[in-house]
Structure formats: structure tokens, C-alpha cells
Amino acid sequence: MKRVRSTDEVFEKQTKKLTILNRVISYIEQLPNEIFYEIFTYLECCQLFEAFNNLNQRFQHLLSSSYLSFHVQLVSNSISIAEYRARNIIVPNKHRILSLSLLNGWYDDQIFSLLNIDSSFNQLETLVLKNINADQLIPILSNLISLTRLFSLTIYLNDVHQDLGNIYQLIFHLPVLKSIRILARKYPIFTEILSTTNQPCTSIESMTINHRCTYSIIQSFFSITPHLSHLICEELLSSSLLYPSIVLSKLTHISIGNCKLSFTQFIICIKRHCPNVQVLRLITSNDITYLDIDRWEQTIQKYLSHLRKFHLQYYATITQHFSFLPHLWQINGIISPFWLSKQCLFECLFDMNNPSNGQMVYSIKYSKSYVKNHPLNRDKVKLSFSMLADCLDSMKCNDIIANNLEKYLLQKRFNHLKINCQQISINTLIKLVYCLSELLSLQISNLSVSKLRKLSSYEKEIVRITSRKSKIIEISLKQIIEFEQVKFFIDLCPRIEYLNLNCLHDINLEILIRKILIENISHLREVCFHDWKGNMNDFKAMINHQEQFCNYTMKSFDKKISLFRKMY
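Here the structure is a predicted model, which is why all the values come from computation and not from measurement. (Residues numbered from 1 in each chain as written. Predicted model: local features only at pLDDT ≥ 70, side-chain atom pairs only at ≥ 80, totals over all residues. Heavy atoms only, no water.)

**Student:** I keep staring at the confidence of the model for the protein and nothing clicks. Help me out?
**Tutor:** When pLDDT is low, close inspection of the predicted coordinates is not appropriate. Mean pLDDT over the protein: 80, with 78% of residues reaching 70 or higher. The element-level mean pLDDT for the protein is lowest in helix H1 (residues 7-24), coming to 49, with strand S9 (residues 279-284) highest at 96. Below a pLDDT of 50 lies the segment residues 1-5, which in the model reaches three contacts outside its immediate sequence neighbourhood of four places, other chains included. Across residues 16-21, confidence stays below pLDDT 50; counting only partners more than four residues off in sequence or on other chains, it has zero contacts. (pLDDT = per-residue confidence, 0-100. Helix = DSSP H or I, 4+ residues; strand = E, 2+ residues; numbered from the N terminus. Contact = heavy atoms within 4.5 Å.)

**Student:** Mind showing me how you'd approach helix H15 (residues 426-435) here?
**Tutor:** Helical geometry note: an α-helix holds 3.6 residues per turn, so side chains three or four residues apart project in the same direction. For H15, the tally of buried residues reaches seven of ten residues, placing the bulk of the element in the interior. Along H15, the residues classified as buried are Ile-426, Thr-428, Leu-429, Ile-430, Leu-432, Val-433 and Cys-435. (Buried < 20%, exposed > 50% of the residue type's maximum accessible area, 1.4 Å probe, protein only.)

**Student:** So what exactly am I meant to see when it comes to the side chain of Thr-154 here?
**Tutor:** Along the chain, Thr-154 turns up in strand S4 (residues 152-157). Excluding anything up to four places from it in sequence, Thr-154 contacts Leu-127, Val-128, Leu-129 and Arg-181.

**Student:** Is there a simple way to explain the pairing of strand S18 (residues 526-529) in this structure?
**Tutor:** Within a regular strand, side chains alternate between the sheet's two faces. The alternating pattern of S18 places Glu-526 and Cys-528 on one face and Val-527 and Phe-529 on the opposite face, and all of these are buried. Examined bridge by bridge, strand S17 (residues 498-503) and S18 share four bridges and lie parallel to one another. Directly across from Asn-500, in S18, lies its bridge partner Cys-528. In the sheet, S18 pairs with strand S20 (residues 560-565) via four bridges, with the strands oriented antiparallel. Looking at S20, one finds that Cys-528 is bridged to Ser-562. (Pairing = 2+ DSSP bridges.)

**Student:** Any chance you could explain the packing of aromatic side chains here in plain terms?
**Tutor:** Within a pair of aromatic rings, the relevant descriptors are the distance that separates the centres and the angle that separates the planes. As enumerated under the stated definition, the model contains 20 aromatic pairs in all. An angle of 20° between the planes, with centres 6.3 Å apart, marks the rings of Phe-346 and Phe-414 as stacked. Taken together, the residues Phe-346 in strand S11 (residues 344-351) and Phe-414 in the loop between helix H14 (395-411) and strand S14 (416-423) connect sequence positions 68 residues apart. Assigned by exposure class, Phe-346 and Phe-414 land together as buried. Among the aromatic side chains, those forming a connected cluster through ring pairs are Phe-263, Phe-266, Tyr-290, Trp-296, Phe-310, Phe-338, Trp-339 and Tyr-366. In this arrangement the basic side chain of Lys-130 is found over the ring face of Tyr-156, its NZ or CZ atom lying 5.7 Å from the centre. Over the face of the ring belonging to Tyr-434 we find Lys-469, whose NZ or CZ atom lies 3.7 Å from the ring centre. (Phe/Tyr/Trp six-rings, centres within 6.5 Å; stacked < 30°, edge-to-face > 60°. Lys NZ or Arg CZ within 6 Å of the ring centre and 35° of its normal.)

**Student:** Mind showing me how you'd approach the pairing of S4 here?
**Tutor:** Among the six residues of S4, six are classified as buried, and the element is accordingly described as predominantly covered. Alternating positions in S4 separate into two faces, Ser-152, Thr-154 and Tyr-156 on one and Leu-153, Ile-155 and Leu-157 on the other, with burial throughout. As defined by bridge partners, strand S3 (residues 126-132) adjoins S4 across five bridges and the pair is classed as parallel. The residue of S4 that forms the bridge with Leu-129 is Ile-155. With helix H7 (residues 134-144) bridging S3 and the parallel S4, this β-α-β connection has right-handed handedness. Pairing geometry for S4 and strand S5 (residues 179-184), over six bridges, is parallel. Across the sheet, residue Ile-155 finds its bridge partner in S5, namely Ile-182. (Right-handed = clockwise from strand over helix to strand, strands pointing away.)

**Student:** What is the right way to look at the pattern of salt bridges in this model?
**Tutor:** Opposite charge on two side chains lets them pair, provided their charged atoms get close. A complete count under the given rule lists nine salt bridges for this structure. A salt bridge links Lys-260 to Glu-235; the shortest N-O distance between them is 3.2 Å. Residue Lys-260 is located in the loop between strand S8 (253-259) and helix H10 (263-273), and its partner Glu-235 is located in strand S7 (residues 230-237); the two are separated by 25 residues in the primary sequence. Glu-461 is paired through a salt bridge with Arg-464; the nearest N and O atoms lie 2.4 Å apart. In this pair, Glu-461 and Arg-464 are both assigned in helix H16 (residues 457-469), three residues apart and thus about one turn of the helix distant. With relative accessibility at 33%, the residue Glu-461 sits in the partly exposed group. (Salt bridge = Lys/Arg side-chain N within 4 Å of Asp/Glu carboxyl O.)

**Student:** Teacher, can you tell me more about the packing of H10 against helix H11 (residues 293-303) here?
**Tutor:** When two helices pack together, you describe them by how their axes are tilted relative to each other and by the distance separating the axes. H11 packs onto H10 with a crossing angle of 10° between their chain directions and a minimal axis gap of 11 Å. Judged by the inter-axis angle, H10 sits roughly parallel to H11. In contact with Phe-263, Thr-264, Phe-266, Ile-267, Ile-270 and Lys-271 of H10, H11 contributes Arg-295, Trp-296, Thr-299 and Tyr-303. Residues that form the contact of H10 with H11 fall into these classes: six nonpolar, two polar and two charged. (Axes fitted to C-alpha atoms, helices over the stretch in contact; angles between N-to-C directions. Parallel < 35°, antiparallel > 145°, perpendicular 65-115°, else oblique. Nonpolar A, V, L, I, M, F, W, Y, C, P; charged D, E, K, R; others polar.)

**Student:** Before we go on, may I ask you to explain the environment of Ile-90 in this structure?
**Tutor:** Mapped onto the elements of the fold, Ile-90 is located in helix H5 (residues 79-90). Separated by 19 residues in sequence, Ile-90 and His-71 have C-alpha atoms that sit 10.0 Å apart. Once residues lying within four places of it in the same chain are set aside, the contact partners of Ile-90 are Cys-46, Val-72, Leu-74, Arg-85, Ile-97, Leu-115 and Phe-121.

**Student:** Just to check I follow, could you spell out a nonpolar patch on the surface for this structure?
**Tutor:** Nonpolar side chains collect at one region of the surface, where Ile-35, Ile-39 and Leu-43 lie side by side and expose about 220 Å² of accessible area between them. Here Ile-35 lies in helix H2 (residues 33-40). Owing to a relative accessible area of 38%, Ile-35 belongs among the partly exposed residues under this scheme. (Patch = residues over 30% accessible without salt bridge, like charges linked within 9 Å, V, L, I, M, F, W, Y side chains within 5 Å. Areas by Shrake-Rupley, 256 points an atom, 1.4 Å probe, with all protein chains shown as cover.)

**Student:** Before we go on, may I ask you to explain helix H9 (residues 215-222) in this structure?
**Tutor:** Burial within H9 is extensive, with eight of its eight residues counted as buried. What H9 keeps buried is the set Tyr-215, Ser-216, Ile-217, Ile-218, Gln-219, Ser-220, Phe-221 and Phe-222. In this structure, the buried residues of H9 make contact with helix H8 (165-171), strand S6 (206-214), S7 and H10.

Below, the structure written as C-alpha cells:
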């Protein structure tokens, strides 16, 4: 039976090990080869050889060991340096290269002739070709067919107008490819629909199409990619249906950056091809029907039963004749039990910094990342209204607020308001809070431009009326420069429970905290200071030794300090 060592014996043995270890790592040359191999895996191949090659016999042996594989990024502002690295580092070690990235766009044919990416790169798994011309790419793709371990291919095409038909045909012939990403500048063309009648099925599981593409082209891709699980498309254009129903049972993740399909066409696409989608991200501005919550509810329940993450963004340009009312009608069902069960987040961004007349950006998504026990998430869909503008008091903004926005806000029960503006008047701010009577949280991103002026008697009365019906329990303020700014919101929102502050450097935080606590806010549970610049130990001493703070406990993490009221 093994004797159990006493605590002293264990301590003595550990001490001896530490002593030996300290002696071993006193000299880097005494590290075992395994450590160097581990270190070398984090270094780029060309830099590794230029640092350690011919340094001494041991490092020469390490670099030539069959245990070591390389990751190459050939990038240089000098053609001669690039050719030197290709000839003297990459080519002699091509049988040990796992990934190869050619990141310059000016490589001439001499570089590609030197590298000659063929079956001799027998360990190559990942290839990245950046800013390459189509006439350079096609011969390379023809050679890649001989690579039996090439799993990932990324191509950044440099041509202004490219015919991608032949390129995709060659890619689909690569025997073990799992992931393909193609980025094309401007608008690529397809001289003809891809011929996939006699095309064997590919092993591709992930496709990123970073260029404009029609639905008919996507259908042709679907016909030969039965293992496809992830699809990203930058822009999807409408076109006729050319193929019979092709079900991709493994396709679980879809992201479309600019969908030009009508809502009906998109749903047909889902029905025909994607019954098992789990993650769906979609950006569109083409058809207001995309904001019909009732139709989305029916579609998800009927055709997307596996969906667990959903993010829809709809862009609408604000013009002189813009009306919010059709949008209100479309999103009216957001508070149904279905969306409540999904912990849905509905966001509306009023963006007046857009180069045109401004835009509304509607966003609907599942958001299960929220803290479930947070008061703002109890039995509610989170309805968020954000305003983004350099100044909310310009003539253009005031006209829209007066004629349209106020009606919109009065008819929709938003419970979160976020304002990101460099300037906003007291009147505008009070008006927004008054209109949004169901608000639970308020976030102001910039209060540093000017100090709050003294309120008129009329404004004080409006604040009093607004405060009586205010339901706001969380306030987040950034760029605080004086206590009067915080005081204004405390008076406007007397039911506040959570106060988040981000202050500028020149404000005395100790005085600010004292003044906040002197207000004796009856419902206040937590005060949080973000991006804390002061001395943490001095702050702790103040909290622990002054009677004024006896009802609060403190927690700190990184540059964040929180004061919690003790609940008895």
C-alpha cells in the first residue's frame, strides 16, 4: 500500500521541483525541443526562418524537423524580398506548409511561377489569394485539384468586372474543399447559368459569397452542395426559379447582407431549400412586408421550427413624404405571446446622420443573451427606440419630430430609449420622455457639450408632470461634467433603481457620489461608474470608513465600480 506523504514532505518535494525548474529555464538553450516546437507554431514561417535559420546547429535541426509545420503569409512592399522568400523559404519547405496566404495585390507571374502550387504542397490545408486577377487565378485553380488536403480557400478578386462562371466551376471540382470565400469588387457577371447537370456533388460545407448574386445562381450552387451548412451572401437579387425543390437538410446558418427578394420569394426559398435553419440573419429594404410580425410568426412556426437565433434589419429612407403609420401597422404584433416566449428585442433607430434625408432602421431579433432576472426583462418584449444625430435641434429634425415622429412615439410602447447626439435641448429631451410613457430605461450618450441651463417655470411644471407618470428604473449617462446633469434625471425619473455613469476626468467623483446619495433616492439599488480613472484604494477607503456609505457595499472589476444598497 502506498504511503501517504505528510504535508511537510509534499512541500519539500514541490520546493525541489521548483528549484530544478528555475535552474532549467535560466538559459533558453536548455528548454526542451517540444517547447520550441510549440513556440514556433505561433510564428509566421518567413519571419521564423529569418530569425532562427543559421543561428546555430540546434535551431537548424529544429527548423528542418519533420515535426514542424508552417503557416506562411507572403506580404512585402518589395518584389525582390517576396521573390527571395518564395525561392529560399517557401519552395524548399512546401511539403510542410499547412496554410499559405498571398496578401499583396502586385505579385507578378514570376511569383506564381516560383511557387507553382501543385501536388508538392501535399500538407496544404488553407489557401488565401488576395487581390488576384482572374487570368492569374484560373491556372492556379486548375492545379489545386491535385491537393488532397485543401479544406479552405479564400479569394479576393482584383478585376473590376469578372466572369465568375469558370472560376466557380473549377472551385467545385476541388476534391476535399470544405470552406470557400470569394470577394469580388464591383459587380461580377455570369455569362451563363452554371452548368451543374453533370457536375459531381462537392464536399463544401461553408460558402461566403461576398459579391452580388442572383437567386438562380444560388439555386445552381444548392444543386451540387448537399453538405452545405453555412451560407453568407453579400447581396441577393431576385430572379426566376430554374430548379426543382432542392432540400439542404444540413443548412443551418444563413446570413444575407442585402436581400432584394420580395418577402414572398424569400419564404418560398426557405420552404424549398432550408427546412432546418437554426440561425437566420437578414438585411433588406426592398419590401415592407418584411416588417409584418404576424407573417413572420406564421413562417417561423410553420417552416422554421428549428430557428433559435433570428436577426432582421429593415432600412427605410426618410423623405418629405415619409410616413411611420404603415410601419406601425406592420410591427403591431410584436407583443404577442410568441415573441414574448422568444425574449425578442425590437429596435428602431432614427438616424439623421445619413447622407440623404435620414433613415429609419428597424431591427427584430431573438436576444437570449440578456440577463433573465433583470427587471427590464420581466414578461416583456424589449422595444428600443434610438436616435442618432449630430444635433436633434436642427430645423430638419424639428420638422420630422413635429410632423411625424411624435405620432409614431405616442402609438408605440417603447420601453428603452437611447439618444446618441452631440446636442439636445431640454425641451426635446423632456418631450421624448413624456411621449414614451412606457419607458423603463433611458440611455444618453453625450452630455458634455454644455452645462444644463436653469429651467423656466413652464419647464419645471412639465418635468413635474412627466416625473409623476415616469416608469423609468434604469438610466445610463455618458460624458457627465457636473452633478446638475444627474440631478435633472433624478428629478425627471424618481423611480430610478439603476444608475450608470461615465464621467469626464475633471469632475470630482467623491463629491458627485456624495451629492447623489444625499438625494436619498428611495428606489435606488445600484450606482455604477464606468471607465473609472481614479485611485481604487482611495475609493474603497472612502466607502468603508464614512458613515454616509454604511448602507452600501462595493464591487469593482477592471475600470468599473458598483455601489449596491444593502437590502435588509
